[in-house]
Amino acid sequence: MPRQNRWRRPISQRPPWPAVVIAAVGIAFFALAFMGLLWKVPWASAWHVLSAAGSRKALRLSLVCSVWATVLAMFFGVPIAWLLARLDFPGRGIARALCTLSMVLPPVVAGIALFYALGRRGILGQYLDRWFGITLPFTTAGVVVAQTFVAMPFLILTVEAAFRQQDLQYEDAARTLGASRWYLFRRVTLPAIRPGLIAGGVLAWARALGEFGATITFAGNFPGRTQTMPLAIYLAAETNPEEALVLSLVLVAVSFGVLVALRDRYLQSRSTPAL
Amino acid sequence: MAVKLLTSRVVPAVTALALVAACASTTSYTSATTTAAPATTMTAPTSKGQITVFAASSLTAAFTDLGAAFTKAHPEVRVTFSFDASSALVTQITQGAPADMFASADTANMDKLTAASLTASTPVVFATNALSIIVPAGNPKGIKAPGDLANTTLKVVLCDPTVPCGKYAKQSLDAAKVAVTPVSLEQNVKGVVTKVTTGEADAGIAYVTDVKAAGDKASGVDIPAAVNVVAKYPIASIKSSTHHDIDAAFIAFVTSQEGQAILAVSGFGKP
């Protein structure tokens, strides 16, 4: 289609100007916050901060933990989303609320809840400690647990919506051709909702990467073991605001890059209606 | 923090607008001298209005009680508090948060404000707070002295050395020549308390006031005075305050016998 046609669309497709103006103000609001960050970053000392061993440790730990949290969220979240979308069972509404509650819980409360569940004296944690000698608080595994707890709802909600919008005729066709239920789920259902899976995964990952409250409450703060980027940033802000800004910028840049890249790469597929 | 700032900013701004006329007509210096007179019931005249006190988190219980007692003596005054880490409060005040007064858990953070010429009165030290070992209720690991914290099978939590409680804990442990391997360096003293009261950590170092505030969920083990580090708590009026006379009356009340008695309940020592 020739380029100028974008501006000569039929009346019904012309953008509603009030919406465009409001959207522009909204976008400016987001952009302004990040401009504020960029504006104050001490570029001269940026490299010095980033080459410090502590910063790199925190960044590496953040990436490792958030990826693990995303993998776990996918592993448990996708089946949960399928159940919530496709299976009409009593208490489905309650199950859905339960699986998304940690999203709205204040993160510190989420951390304390995890203490009482998985801590050394928790409902389950006391047996983990007594029988297997496993204690999650103050460990890297504890960070992953805290991040998974808070991030999984983002995946569940996104993937559930994808399952709901799915056209069922391909599944029906595969079933009549004799596909087993598990084969059908793996080879037909999941590939069809790929954009939803990726969007959910990215949302969950981004949430895990930025997780602060539940992590510091449940896993504590120790460099190299449980000190992720957001924790390092918080502590740096206490004494060295410039360092905090540089570290924040790295976190923002990494997240922004991944969000942009994945959106272009995967979400513009045929199954997404062209805008 | 952003949300907190926003809400605390709106209310005083509105009241301040409404009270501009009233404030302008009162002489704010006379009342300050009158309140300085030792009196258990503060009868000194102060202007009507609301003051916002930015106070260190460790003052939460004591200042809430102090505020109630102060407004009982001055029904025309409303006192609201914003409790947070001293360093966070300094950041907020430097960024223009509407504080009338600042009560810090250390002199270093108060010095930042005086250095930036943001204080309206000379800071007055009104309380002290010593360090204490905090352990889960009943002291299950039988910890008796700082030296016991060197045991590496114990899970010990400390504050991060970048925040005051961590700095003092390090000074104290260094003085006692004890090498501790902590499992976590908390961002604030409440983090230490939570880890101990939930039983996740076997011991931590907090302030005497934190051990008191934890009630029956935690026990304290004394750190000998020779190696203890005592934090000084200064209070000062902030330059942007709209009620310097009320500020002066509040500071006088905090340092009065009645005020000191309330602070002592929480475990604070005399200045």
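In this text the structure is predicted, and so the values were computed from the model without any measurement. (Residues numbered from 1 in each chain as written. Chains lettered and ligands numbered in written order. Predicted model: local features only at pLDDT ≥ 70, side-chain atom pairs only at ≥ 80, totals over all residues.)

Trainee: Looking at this model, I keep getting lost on the overall build of chain B. Mind explaining?
Mentor: Tallying secondary structure elements over chain B gives ten helices and nine strands in all. Residues classed as buried in chain B amount to 50% of the 271 residues present. A sequence separation of at least 24 residues applies to 79% of the contacts in chain B between residues at least 6 apart. (Helix = DSSP H or I, 4+ residues; strand = E, 2+ residues; numbered from the N terminus. Buried ≥ 20, exposed ≤ 12 C-beta atoms within 10 Å, placed from the backbone. Contact = placed C-beta atoms within 7 Å.)

Trainee: In this structure, what is going on with the overall build of chain A? I would like to understand it.
Mentor: Each helix and strand counted, chain A has 13 helices and zero strands in total. Walking chain A from its N terminus toward its C terminus, one meets helices and strands in the order α-α-α-α-α-α-α-α-α-α-α-α-α. Taken along its principal axes, the extent of the C-alpha atoms in chain A is 60 × 55 × 30 Å. Put simply, chain A has 275 residues, and 33% of those count as buried.

Trainee: Looking at this structure, how should I read the interface of chain B and chain A?
Mentor: Accessible area lost upon the coming together of the parts is a frequently used measure of interface size. Taken residue by residue, the interface counts 17 residues in chain B and 16 residues in chain A. Of all the secondary structure elements, the ones that give two or more residues to the side of chain B that touches chain A are strand 6 (184-186) and helix 7 (189-197) of chain B.

Trainee: Whenever I open this one, the packing of helix 3 (residues 53-86) of chain A against helix 7 (residues 140-165) of chain A confuses me. Can you help?
Mentor: All names here are of chain A. Here helix 3 crosses helix 7 at 35 degrees, and the two axes come no closer than 6 Å. Note on packing geometry: the crossing formed by helix 3 with helix 7 is right-handed. Split into classes, the residues belonging to the contact of helix 3 with helix 7 amount to 21 nonpolar, five polar and three charged. (Axes fitted to C-alpha atoms, helices over the stretch in contact; angles between N-to-C directions. Left-handed = near helix turned anticlockwise from the far one by under 90°. Nonpolar A, V, L, I, M, F, W, Y, C, P; charged D, E, K, R; others polar.)

Trainee: Honestly, the nonpolar core in this entry has me stumped. Any pointers?
Mentor: Taken as a class, soluble globular proteins show a tendency for nonpolar side chains to be buried jointly. Counting residues in hydrophobic clusters, the biggest one holds 129 residues, and the most contacted among them are Met101, Phe102, Ile134 and Val192 of chain B. The greatest single-element share of this core, amounting to 15 residues, is contributed by helix 7 of chain A. Leaving out residues up to four positions away in the same chain, Phe102 of chain B has contacts with Phe54, Leu89, Ile93, Met110, Leu113, Ala236 and Ile238 of chain B. (Core = buried A, V, L, I, M, F, W, Y, C linked by C-beta atoms within 7 Å.)

Trainee: When you look at helix 5 (residues 107-115) of chain B in this model, what are you seeing that I'm missing?
Mentor: Because each turn of an α-helix spans 3.6 residues, side chains separated by three or four positions end up pointing in the same direction. Residue and element names in this part refer to chain B. Of all the positions in helix 5, only Asn109, Met110 and Leu113 are classed as buried. End-on view of helix 5: buried residues confined to an arc of 100 degrees, all on one side of the axis. Of the surrounding secondary structure, the elements contacted by the buried residues of helix 5 are helix 4 (86-94), strand 3 (101-103) and strand 9 (230-237). The first or second residue beyond helix 5 is Ser117, which carries a positive phi of 55 degrees. (Arc of directions from axis to C-beta.)

Trainee: What am I meant to see in the packing of helix 4 (residues 92-104) of chain A against helix 7 of chain A here?
Mentor: A packed helix pair is summarised by two numbers, namely the angle formed by the two axes and the spacing between the axes. Residues and elements named next belong to chain A. Relative orientation of the contacting elements helix 4 and helix 7 amounts to 125 degrees, with a least axis distance of 7 Å. By the criterion of interaxial angle, the relationship of helix 4 to helix 7 is oblique. The interaxial crossing formed by helix 4 with helix 7 has left-handed handedness. Here helix 4 contributes Cys99, Thr100, Ser102 and Met103 to the contact with helix 7, which in turn contributes Phe149, Val150, Pro153, Phe154, Ile156 and Leu157. Each residue belonging to the contact of helix 4 with helix 7 can be placed in one class, and the counts come to eight nonpolar, two polar and no charged. (Parallel < 35°, antiparallel > 145°, perpendicular 65-115°, else oblique.)

Trainee: Got a minute to help me understand unusual backbone geometry in this structure?
Mentor: Note on backbone geometry: most residues besides glycine have negative phi, and most peptide bonds are trans. A positive phi angle, close to 70 degrees, is found at Phe138 of chain A, a residue other than glycine. Following the sequence through the fold, Phe138 of chain A ends up in the loop between helix 6 (125-132) and helix 7. The phi dihedral of Asn139 of chain B is positive, around 50 degrees, even though this residue is not glycine. Position of Asn139 of chain B relative to the elements: it lies in the loop between strand 4 (124-136) and strand 5 (156-159). The class of Asn139 of chain B is partly exposed, set by 17 C-beta atoms lying within 10 Å.

Trainee: It is not clear to me how the pairing of strand 2 (residues 77-84) of chain B should be interpreted in this structure. Could you clarify?
Mentor: Successive side chains on a regular strand alternate, one facing one side of the sheet and the next facing the other. Residues and elements named next belong to chain B. The sheet contact formed by strand 1 (residues 49-56) and strand 2 spans eight bridges and is parallel. Within strand 2, the residue paired with Gly49 across the bridge is Val77. Crossover strand 1 to strand 2 through helix 3 (residues 60-73) is right-handed. (Pairing = 2+ DSSP bridges. Right-handed = clockwise from strand over helix to strand, strands pointing away.)

Trainee: Help me understand the environment of Asp148 of chain B, please; the structure alone is not making it clear to me.
Mentor: Structurally, Asp148 of chain B is set in the loop between strand 4 and strand 5. With 30 residues separating them in the primary sequence, Asp148 of chain B and Val178 of chain B have C-alpha atoms 8.5 Å apart.

Trainee: Is there a simple way to explain the confidence of the model for chain A in this structure?
Mentor: Chain-level pLDDT for chain A is 87 on average; 91% of the residues reach the 70-or-more range. In the model, residues 269-275 of chain A has pLDDT below 50 throughout and makes four contacts with residues more than four positions away in sequence or in other chains. (pLDDT = per-residue confidence, 0-100.)

Trainee: Sorry if this is basic, but what is going on with the confidence of the model for chain B here?
Mentor: Residues and elements named next belong to chain B. On average, residues of chain B score 83 in pLDDT, and 83% of them are at 70 or above. When mean pLDDT is compared element by element in chain B, strand 3 scores highest at 96, while helix 2 (residues 28-36) scores lowest at 33. Under a pLDDT of 50 for its full length, residues 1-43 has, in the predicted model, 51 contacts with residues more than four places off or in other chains. As a predicted assembly, this complex carries a pTM of 0.76 together with an ipTM value of 0.75.

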